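Summary of structural features
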Amino acid sequence: MNSSDKIDYTSYEAAVERSKKIEADLPLHPGNYRLLTGDRPTGRLHIGHYFGSLQNRVELFKMGVPTYILIADYQVLTDHDAYDQISENTKQLVIDYIAAGLDPESETLCIFPHSYIPELNQLLLPFLTLVSNSELDRNPTVKEEILASGKKSINAGMYIYPVHQAADILAVKGNVVPVGKDQLPHLELTRTIARRFNEKYISDEPVFPEAQALLSKTPSILGLDGAQKMSKSRNNYISLSATEDETETLIKKAKTDAERRITYDPENRPEVANLLLLLSLTSGEKPEVLAEKIGDGGGGALKKMLADSMNEFFRPMRTRRAELEKDPDYIDSVLFRGIDRARAEAGNTLDQVRRAMNMEI
Ligand code: TRP
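Quantities reported herein were computed from a predicted structural model and do not represent experimental measurements. (Residues numbered from 1 in each chain as written. Predicted model: local features only at pLDDT ≥ 70, side-chain atom pairs only at ≥ 80, totals over all residues. Heavy atoms only, no water.)

A word on the packing of aromatic side chains
Stated formally: Side-chain rings of Phe, Tyr and Trp, where Trp is taken by its six-membered ring, are said to pair if the distance between their centres is within 6.5 Å; with planes under 30 degrees apart they count as stacked, over 60 as edge-to-face, and otherwise as tilted. A run of H or I in DSSP becomes a helix once it reaches four residues, and a run of E becomes a strand once it reaches two; helices and strands are each numbered from the N terminus. A 1.4 Å probe rolled over the protein chains alone gives each residue an accessible area, and that area as a share of the maximum for its type sets the label: buried under 20%, exposed over 50%, partly exposed in between. Criterion for a charge above a ring: Lys NZ or Arg CZ within 6 Å of the ring centre, and within 35 degrees of the ring normal.
Evaluated as defined, the whole model comprises ten aromatic pairs. Aromatic side chains Phe127 and Phe208 sit 5.5 Å apart centroid to centroid with 75° between the ring planes, which places their arrangement in the edge-to-face category. Residue Phe127 is found in helix α6 (residues 124-128), and its partner Phe208 is found in the loop between α10 (184-200) and β5 (212-215); the two are separated by 81 residues along the sequence. When sorted by exposure, Phe127 lands in the same class as Phe208, which is buried. Here a set of aromatic residues connected by ring pairs shows up, and it is made of Tyr50, Phe51, Phe313 and Phe314. In this structure, Lys181 is placed above the aromatic ring of Tyr12, and the distance from its NZ or CZ to the ring centre is 4.5 Å.

Printed below as a string of structure tokens:
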């Protein structure tokens, strides 16, 4: 590794450009792509996840893009002490994916937890030799997560999980990775590892593809406090599994402001703007138009409309979700099929990697 080749974690504009290009090309050539993305099984998915990523995955899947959804169970151990819910959370994720519209009976869908794929995990060791300690140290997302954890002593898994994430992506040769902005450093690392591997271990053809991030188009959704991103840890979320009554109660308690007349002003009225954005996403109308419609009806009318609209929007998904919850064997079978498929693919990749590294017997 020479110094001019160091990972640039700040190339945001370049990533946005590449993401836009792919977005335009995906509907034209869905078969050229292989989508891989992942979630940590730390809790239920909420509406922020749905509009920020899940909805888009479903759209791409329906376009015919081969879709791999990875459940990053090992990654939970890097910053969570609790592990009692990992299996349950994994199954709940699968239920949410299917309820949202990913069809597990399709040949082009594969859902699997990475802990079940030994061949994927074996890639971690050679990959670790392709990055330097200081490159891992400089990863801005990891730095932030360490800060947020408030812990004095950080386990080594926390530093290396981005390398493991590269294994997640490259084991099945994912080349398009829908993620939020916070994951860009990990994508940059993945691209670097793929490039360094291909350059160092010369094969007939490059072993690894260049993985590109596909950035979400939806503006980031704030929590019901209107102050921070919607997230489980901030307890400002509505989960996809919430009932209609729970949804209504949560929305009633959402923060607004003292001004009666509803206007769409994300800069000065972030709480009201966020509720309008959610209403826009569930109703299909523009936030400005909705604000105009509600006008002097005030926060009460806005909340009532939002609760109704959201419940209507999520009703079919919640019905499907309730059916799936009654059939745990089916959920397990979806995972086992995904595991078989992912193991076969990661096994092929590992064979190629061994051959390239001259470790074949
Ligand atoms: N790091 C991601 C997160 O914290 C989860 C993840 C693990 C992932 N492996 C991945 C995302 C591979 C995309 C591709 O949410």
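Still more ground to cover, so stick around.
Here we look at the layout of surface pockets
For clarity, the threshold we go by: Cavity and pocket criteria rest on a 1 Å grid covering protein atoms alone: a 1.4 Å probe that fits but cannot get out defines a cavity, protein on both sides within 12 Å along at least 5 of 7 lines defines an open pocket, and an atom within 4 Å of a point defines a lining residue. Grid points are joined across faces, edges and corners, and a volume is the space filled by probe spheres set on the points.
Approximately 220 Å³ is the volume attributed to the second largest pocket. Lining the second largest pocket, in full, are Asp73, Ile86, Ser87, Thr90, Lys91, Pro113, Ser115, Tyr116, Asp332, Leu335, Phe336 and Ile339. Where the lining of the second largest pocket is concerned, the elements lending two or more residues are α4 (86-100) and α15 (328-357).

Brief notes about the environment of Ala156
If you trace the backbone, Ala156 turns up in helix α9 (residues 156-171). As a C-alpha pair, Ala156 and Arg44 span 112 residues in sequence and 27 Å in three-dimensional space.

Comments concerning the pattern of salt bridges
We apply this condition: Counted as salt bridges are all cases of a side-chain nitrogen of Lys or Arg within 4 Å of a carboxyl oxygen of Asp or Glu.
Enumeration over the complete set of coordinates arrives at 27 salt bridges. Here Glu105 and Arg337 are joined by a salt bridge, their closest N and O atoms 3.4 Å apart. Here Arg337 lies in helix α15 and Glu105 lies in the loop between α4 and β3 (109-113), a separation of 232 residues in the sequence. Its relative accessible area of 48% is what places Glu105 among the partly exposed residues. The residue Glu244 makes a salt bridge to Arg315 at a minimum N-O spacing of 2.7 Å. Placement of Glu244 in helix α11 (residues 244-252) and of Arg315 in helix α14 (residues 298-325) is noted, with a sequence separation of 71 residues between them. Linked through salt bridges whose partners overlap, the residues forming this network are Arg18, Glu188, Arg191 and Glu210.

Looking at the nonpolar core
Among soluble globular proteins, nonpolar side chains are generally buried collectively. Counted only if it meets this: The set of buried Ala, Val, Leu, Ile, Met, Phe, Trp, Tyr and Cys residues whose side-chain atoms join them within 4.5 Å is what this entry labels a nonpolar core. Note that the domain bounds reflect an automated or database-derived domain assignment. In this description, contact between two residues means that some pair of their heavy atoms is separated by no more than 4.5 Å.
Ranked by size, the top nonpolar core spans 47 residues in total, and within it Ile47, Tyr97 and Ile111 carry the most contacts. Each of two domains, domain 1 (12-218 + 328-356) and domain 2 (244-325), supplies a minimum of three residues to this core. Those residues in contact with Tyr97 that lie beyond four places of it in its chain are Asp39, Leu45, Leu54, Arg57, Ile69, Ile71, Leu102 and Ile111. Leu170, Leu187, Ile339 and Met357 belong to the second largest nonpolar core, which has 46 residues in total.

Points about the pairing of strand β1 (residues 35-39)
Keep this limit in mind: Crossovers are marked right-handed if the path from the first strand over the helix to the second runs clockwise, as seen with the strands pointing away from the viewer.
Counted residue by residue, β1 has four buried out of five residues, so it is predominantly covered. Remark: the β1/helix α2 (residues 47-62)/strand β2 (residues 67-71) crossover connection has right-handed handedness.

Here's the deal with empty space enclosed by the protein
This model, assessed by the stated rule, comprises one cavity of 30 Å³ or more. There is about 40 Å³ of room inside the largest cavity. Sorting the residues of the lining of the largest cavity by element identifies α4 and α14 as the ones contributing at least two each. Among the elements that line the lining of the largest cavity, the one with the most residues is α14, at four residues.

As for the site of the ligand
Our working rule: It suffices for a single heavy atom of a residue to lie within 4 Å of a molecule or strand for the residue to be listed as near it. Here a polar contact is recorded for every N or O atom pair within 3.5 Å, except that within protein the pair must consist of a potential hydrogen donor and a potential acceptor, and residues adjacent in sequence are included only if both atoms are side-chain atoms. We get accessible surface area from the Shrake-Rupley algorithm with a probe of 1.4 Å; when it comes to residues, only the shown protein chains can shield them.
Neighbouring the ligand are 13 residues, the closest being Arg40, Gln75, Gln165, Asp168 and Gln183. Here an oxygen atom of the ligand sits 2.8 Å away from a polar atom, N or O, in the side chain of Arg40. Protein contacts shield 91% of the accessible area of the ligand, which totals 360 Å² for the unbound molecule. Looking at the shell around the ligand, the elements that each hand over two or more residues are β1, α9 and β4 (176-179).

Some words on the pairing of β3
For a regular strand, side-chain orientation follows a simple rule: the groups alternate between the two sheet faces. Burial analysis of β3 places five of its five residues in the buried class, the great majority of the element. Side chains of β3 alternate between two faces, with Leu109, Ile111 and Pro113 and Cys110 and Phe112 buried alike.

Things to note about the domain arrangement of the protein
Frequently, the measure chosen for interface size is the accessible area that the parts lose on association. Put simply, the rule is: Here the buried area means the combined drop in accessible surface, using a 1.4 Å probe, for two parts upon being joined, counting both sides.
According to the domain assignment, the protein consists of domain 1 (12-218 + 328-356) and domain 2 (244-325). Put simply, the middle of domain 1 and the middle of domain 2, counted by C-alpha atoms, are 32 Å apart. Facing the 15 residues of domain 1 at the interface are eleven residues of domain 2. Contact between domain 1 and domain 2 buries roughly 1,200 Å² in total, counting both sides, with carbon and sulfur atoms accounting for 72%. Ranking the residues of domain 1 by area buried against domain 2 places Ile47, Phe51 and Ala99 at the top, with a combined share of 42%. At the surface where domain 1 touches domain 2, the tally comes to one salt bridge. Two residues, Arg321 and Asp96, come together in a salt bridge whose shortest N-O distance is 2.7 Å. Summed over the shared surface of domain 1 and domain 2, the number is three residue pairs in polar contact (both at pLDDT 80 or more). Contributing elements (two or more residues each) for the side of domain 1 that touches domain 2: α2, α4 and α15.

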